[in-house]
Amino acid sequence: MNRIEDFIRDIPNFPKDGILFKDIAPLLQSPRGVEMCLEELLKLIGDQKIDKVIGIESRGFFFATLLAQKLDAGFIPVRKPGKLPYKTLSQSYALEYGEDAVEIHIDAIKKDERILIHDDVLATGGTAQAVCKLVEKLGGKIVQCNFIMQLSFLKGKDKLKEYNVKSVLEY
Ligand SMILES: O=P(O)(O)OC[C@H]1O[C@H](OP(=O)(O)OP(=O)(O)O)[C@H](O)[C@@H]1O
Ligand SMILES: Nc1ncnc2[nH]cnc12
C-alpha cells in the first residue's frame, strides 16, 4: 500500500444501482495514507496564499481542516440545508444521484479573501459549482478547487471552466 489509489475502495451500486462509489474510508484509517494525500493536496496549491479553506460536507471536511491548519488559513464548513446555526446563504444543485443544496454562513468570507475549495470527489461538478456561487456571492476570490479525485467521465471540470481545478487522482 504505497500509493494513494491503493487506499480508495470501489463500492458498486452505492448509494444507487449503477453508481460505482469511491470510498475514502480505508484512506482515513491509515495515518500514512492521510499523510501522503495531504502532501499531494498541498503540492497542488504550491505557494499560493490562501486565507480560508472551504470543506464541503461531509467527506470534504476531513482534509479541508488539515489543509487549513497547514496553510495557516481559516476553515469554513459548507453544509447541507438546516445544519448551520447562524444566518446562511443557500444554493441548490443536481447530484450524480439526486438533488441537494448547500449553505454557508453569511459572515464566513470577507470581500476579496482568497479561498481554496476542497472536497473528496469531483463527479458531475454540481456541488462544487454551487459552492463557487456561494463564495462569489460573498465576495471571495476562488484560488483553486481541489479534490482527492475527479471522475473524469462525468465531466465535472466542464462546469468549473472558469476556475483552477486540480485533483490528486483521476479516474
Ligand atoms: O460533483 P458532484 O456530482 O456534485 O458530486 C460530488 C459530491 O458528492 C459527494 O457528496 P455526497 O452528496 O454523497 O455527500 P457526503 O460527502 O456527505 O457523503 C462528494 O463527497 C461530493 O461532495
Ligand atoms: N461515484 C462517487 N463516489 C464517491 N462520491 C461521489 N460523489 C458523487 N459521485 C460519487
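Residues numbered from 1 in each chain as written. Chains lettered and ligands numbered in written order. Predicted model: local features only at pLDDT ≥ 70, side-chain atom pairs only at ≥ 80, totals over all residues. Heavy atoms only, no water.

Caption draft 1: Spatial organisation of the packing of aromatic side chains. Summed over the entire model, instances satisfying the criterion amount to two aromatic pairs. With centroids separated by 5.0 Å and ring planes inclined at 85°, the aromatic side chains of F14 and F21 adopt a geometry described as edge-to-face. Given the relative accessible area of 42%, F14 is considered partly exposed. Seen from their ring centres, F61 and F75 are 6.0 Å apart, and the 85° between their planes marks the pair as edge-to-face. Of this pair, F61 sits in helix α3 (residues 61-70) while F75 sits in strand β4 (residues 74-78), and the two are 14 residues apart along the sequence. Here the guanidinium or amino end of K22 rests over the ring plane of Y171, the centre of that ring lying 3.7 Å away. (Phe/Tyr/Trp six-rings, centres within 6.5 Å; stacked < 30°, edge-to-face > 60°. Buried < 20%, exposed > 50% of the residue type's maximum accessible area, 1.4 Å probe, protein only. Helix = DSSP H or I, 4+ residues; strand = E, 2+ residues; numbered from the N terminus. Lys NZ or Arg CZ within 6 Å of the ring centre and 35° of its normal.)

Caption draft 2: Spatial organisation of the environment of L169. Assignment of secondary structure puts L169 in strand β9 (residues 165-170). A sequence separation of 88 residues divides L169 from P81, and the C-alpha atoms of the two residues are 29 Å apart.

Caption draft 3: Unusual backbone geometry, seen in detail. Of note, the amide linkage connecting F14 to P15 takes the cis form, showing an omega dihedral of -5°. With respect to the secondary-structure elements, P15 resides in the loop between β1 (9-12) and β2 (20-23). Residues E57 and S58 are joined by a peptide bond in cis, for which omega reads -15°. Within the secondary structure, S58 is located in the loop between β3 (52-56) and α3.

Caption draft 4: How the structure looks around helix α4 (residues 126-137). Here α4 is 12 residues long and its end C-alpha atoms lie 17 Å apart, about the 16 Å a rise of 1.5 Å per residue gives. Considered for burial, the residues of α4 that qualify are G126, T127, A128, A130, V131, C132, L134 and V135. (Expected span 1.5 Å × (residues − 1).)

Caption draft 5: Broad picture of the pattern of salt bridges. For the coordinates displayed, the defined rule picks out 12 salt bridges. Among the salt bridges present, the one from D23 reaches R9, with a minimum N-O distance of 2.6 Å. You can see D23 sitting in strand β2 and its partner R9 sitting in strand β1, a full 14 residues away along the chain. For D23, a relative accessible area of 14% translates into the label buried. Residue classification places R9 among the partly exposed positions, given a relative accessible area of 40%. Here K52 makes a salt bridge to E113, at a shortest N to O gap of 2.7 Å. Within this pair, whereas K52 is found in strand β3, its partner E113 is found in the loop between β6 (98-105) and β7 (114-122), the two being separated by 61 residues in sequence. (Salt bridge = Lys/Arg side-chain N within 4 Å of Asp/Glu carboxyl O.)

Caption draft 6: Summary view of the state of the cysteines. Applying the stated rule across the entire model yields zero disulfides. The structure places no disulfide on C37, whose sulfur is separated from the nearest cysteine sulfur, that of C145, by 17 Å. We classify C37 as buried; its relative accessible area is 0%. Of the cysteine sulfurs around C132, a residue in no disulfide, the closest is that of C145, at 3.8 Å. (Disulfide = S-S within 2.5 Å.)

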